[in-house]
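# Tertiary structure, described
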Amino acid sequence: MASNGTFSKNTEQNDEPTASSSTNSPRSSTSRPQHQPFVIPNEGTYLKPAAKQAYFSDEKVLIPQADQTSFSFRKLWAFTGPGFLMSIAYLDPGNIESDLQSGAAAKYQILWVLLWATVLGLLMQRLAARLGVVTGLHLAEMCYRQYRRFPRVILWIMIEIAIIGSDMQEVIGTAIAIYLLSNKIVPLWGGVLITIVDTFTFLFLDKYGLRKLEFFFGLLISIMAITFGYEYIVSAPSQVEVLEGMFVPWCKDCNENVLLQAVGIVGAVIMPHNLYLHSALVKSRDIDRRQPKKVSEANFYFFIEASVALFVSLIINLFVVAVFAHGMYGKTNQDVLDVCVNKTMYDDAKASFTDAHNNTDLIDADIYKGGLFLGCTFGAMAMYIWGVGILAAGQSSTMTGTYAGQFSMEGFLNLQWPRWRRVLFTRLIAIIPTFCLAFFTRMEDLTHLNDILNAVMSLQLPFAAIPTIAFTSCVAIMSEFVNGVTNKVISILLTIVVITVNIYFVVVQVETAALEGGLLGLVCIVGVLYLLFNLYLVIHMIAFMGNQRFMNNRWIQRFVLPSQNSFAIKNANSSYASAVSIAIAAGNVANEPLPKTISEKVSNDNNN
């Protein structure tokens, strides 16, 4: 550890960066020189020395030292943050639109799908968080070590596609929110362009400290809870029907459209890049990984925090589904227009709620129509509050997507870009097609784009779920924290179900598109390659789970397993904690109030 309190980074790609410490290591003797180097593996492994790292690299949250073995709210508060940042992906504009569409199409009958999709998401997020806590490496960094170059690059491309697709949905949602809130003064294409500027503005927040950034994300989640909760209260849906839809897994007289909405909920809720994000975010806490007890404690508190965060996201999603289940289910376009008569947004509603059958078709819901419906039914205030909620969803999701992209690039490619360049790369790719649609086409085309993006992101789920299960089921990587048999069976079965459901959803979308000729042939070829790559990942996963037949097969050793025997992460259970925590654990720090973060501790030392 250098004199300024940060780790010096290695310039070569080795397994263990060296660091020198300005505080005495608990392993050093009294005769050992103060600045003699000792090995502390950390998140800087394989990262280039001159680049700015992820937002938590120079500021980790210290965990309070408590003697009691019982539950500690102080410790829970110290661990609170990563789970709520992760949960924002469950509240992005794509999810919100999927929620309102499912409510309009099936009323409350598939709320149970939302519940169990969230539970499945929690199980997968738990595995991703455990990987980061136990090994000190996030999922992309682990993929860098455990996959050969070609499949590793393919994985990175697939995750980038998921991140860019999610970013496009966030751009669409933000642009529609600005369009509503500005009373159409800012056109859709103008809102798309604004998203370039506002994202860079919000990214400056991380300069004010990790905990302040996490607080800001918490504020955005609170805004969504208040705004969508307000809509829930004013619409006053039947609480009995809501509870029945939530806990009775049945859908009476449901047609294919309702089935597709249920599949869409699963695909929208579980975001593949979110597993990469969560496994990296947990590294922001200062954990002494030499002590299995500390690692187990971190896993426990992170799981509680993630459970609370996803429960909050479930409630917010429930609000949206229930509002539009109560108001839009079974309604035609003409029904909405009748309510909108003599309202200020009547002209907008007349242009949006229309069809080729004299307005007798059922409502084809989307975010914009949802805002108009609320304005017509409950007043303009409800429409503007809806717009504020969508704006908060779009902004928060954009920022977490940026971090997911940064972690992905750092891990898969051993490449670090400054955050502004990373944002510009992702946002420009997302904005160009979105801007063209917003400028040259109609609002309905943006909604259709959302459906396509949900299908695309559904296809990316195996490229996050399979590596997560593989690594957390490998004894050489996880040691005593490896998945048990029950965890393996449940996670594999649930992943198979979700992947099957998502593939069905994509097939239906392709059939709906009525592709012909060469384009259909291209889709078939891509589909075959997609299935073959999934098979490759499954074989890799089985070998990592310890199947001797697969591990000893010479073809698998030659083409699937890493070129070197990198199952075991060297010093995986060594300390990835800072020298501050190590000194505290060794009793070398005086009994004084514990600073909240490492950077605060370093600042105090410099002042003294």
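Here's a quick rundown of the structure. The structure displayed is predicted, hence computed values, not measured ones. (Residues numbered from 1 in each chain as written. Predicted model: local features only at pLDDT ≥ 70, side-chain atom pairs only at ≥ 80, totals over all residues. Heavy atoms only, no water.)

What follows is about unusual backbone geometry. Unusually for a residue other than glycine, K107 sits at a positive phi of about 60°. Even without being glycine, N359 reaches a positive phi, approximately 60°. Residue placement: N359 occurs in the loop between α14 (346–352) and α15 (367–378). (Helix = DSSP H or I, 4+ residues; strand = E, 2+ residues; numbered from the N terminus.)

A few words now on the pattern of salt bridges. Across all of its chains, the model carries seven salt bridges by this definition. A salt bridge links K184 to D348; the nearest nitrogen and oxygen atoms lie 2.5 Å apart. Taken together, the positions of K184 in the loop between α6 (149–181) and α7 (188–203) and D348 in helix α14 put the pair 164 residues apart, joining distant regions of the chain. As a salt-bridge pair, R211 and E214 come within 2.9 Å of each other at their nearest N and O atoms. Highlighted residues: R211 and E214, both in helix α8 (residues 210–235), separated by three residues, approximately one helical turn. Among the ionic contacts, a cluster of salt bridges with common partners joins R211, E214 and R285. (Salt bridge = Lys/Arg side-chain N within 4 Å of Asp/Glu carboxyl O.)

A separate point is α8. Its 26 residues place the ends of α8 38 Å apart at the C-alpha level, agreeing with the 38 Å of an ideal helix rising 1.5 Å per residue. A236 sits one or two positions beyond α8 and adopts a positive phi of about 50°. (Expected span 1.5 Å × (residues − 1).)

Moving on, we get to the side chain of T135. Checked against the element boundaries, T135 lands in helix α4 (residues 111–135). T135 gets classed as buried once you look at its relative accessible area, which sits at 0%. Looking at T135, its side chain comes within polar contact range of the main-chain oxygen of L131, at 2.6 Å. A polar side-chain atom of T135 sits 3.1 Å from the main-chain amide nitrogen of L137. (Buried < 20%, exposed > 50% of the residue type's maximum accessible area, 1.4 Å probe, protein only. Polar contact = N/O pair within 3.5 Å; in protein donor to acceptor, adjacent residues only side chain to side chain.)

A separate point is the state of the cysteines. Following the criterion strictly, the structure yields one disulfide and no others. Between the sulfur atoms of C340 and its disulfide mate C376 the distance is 1.7 Å. Taking the sign of the S-S torsion, about 100° here, the bridge from C340 to C376 comes out right-handed. Here C376 lies in helix α15 and C340 lies in helix α13 (residues 333–340), a separation of 36 residues in the sequence. (Disulfide = S-S within 2.5 Å.)

Residues I525, V528, L529, L532 and L535 make up a contiguous nonpolar surface patch of roughly 490 Å² in combined accessible area. Take L535: it is sitting in helix α22 (residues 517–544). Residue L535 is classed as partly exposed on the basis of its relative accessible area, which comes to 47%. (Patch = residues over 30% accessible without salt bridge, like charges linked within 9 Å, V, L, I, M, F, W, Y side chains within 5 Å. Areas by Shrake-Rupley, 256 points an atom, 1.4 Å probe, with all protein chains shown as cover.)

We now examine the packing of α6 against α22. Taken N-terminus to C-terminus, the directions of α6 and α22 make an angle of 120°; their axes are 12 Å apart at the nearest point. Crossing geometry of α6 relative to α22 is assigned as left-handed. Every residue of α22 that contacts α6 at P151, I154 and L155 is listed here: F533, Y536 and L537. Each residue belonging to the contact of α6 with α22 can be placed in one class, and the counts come to six nonpolar, no polar and no charged. (Axes fitted to C-alpha atoms, helices over the stretch in contact; angles between N-to-C directions. Left-handed = near helix turned anticlockwise from the far one by under 90°. Contact = heavy atoms within 4.5 Å. Nonpolar A, V, L, I, M, F, W, Y, C, P; charged D, E, K, R; others polar.)

On to the packing of helix α19 (residues 462–472) against helix α21 (residues 485–513). Put simply, α19 and α21 touch, their axes get as near as 11 Å, and they point 170° apart. Comparing their axes, α21 and α19 come out roughly antiparallel. The segment α19 lies against α21, with P462, A465 and I469 engaging S491, I492, T495 and I499. Residue composition of the contact of α19 with α21, grouped by class: five nonpolar, two polar and no charged. (Parallel < 35°, antiparallel > 145°, perpendicular 65-115°, else oblique.)

Bringing the nonpolar core into the picture now. Among the nonpolar cores identified, the biggest contains 151 residues, and F228, F324, W386 and F471 are the most heavily contacted of them. A per-element tally of this core places helix α12 (residues 292–328) first, with 18 residues. Aside from chain neighbours lying at most four places away, what touches F228 is I96, I316, F319, V320, W386, G389 and I390. Grouped together as the second largest cluster of nonpolar side chains are six residues, L260, V263, A455 and V506 included. (Core = buried A, V, L, I, M, F, W, Y, C linked by side-chain atoms within 4.5 Å.)

Following the criterion strictly, the structure yields 18 aromatic pairs and no others. In textbook terms, an aromatic cluster arises when at least three aromatic residues are bridged by ring pairs, as seen for F71, F73, F79, F300, Y301 and F302. Positioned above the aromatic ring of F303, the side-chain terminus of R126 is 5.8 Å from the ring centre. Cation over ring: K369 sits above F353, and NZ or CZ is 6.0 Å from the ring centre. (Phe/Tyr/Trp six-rings, centres within 6.5 Å; stacked < 30°, edge-to-face > 60°. Lys NZ or Arg CZ within 6 Å of the ring centre and 35° of its normal.)

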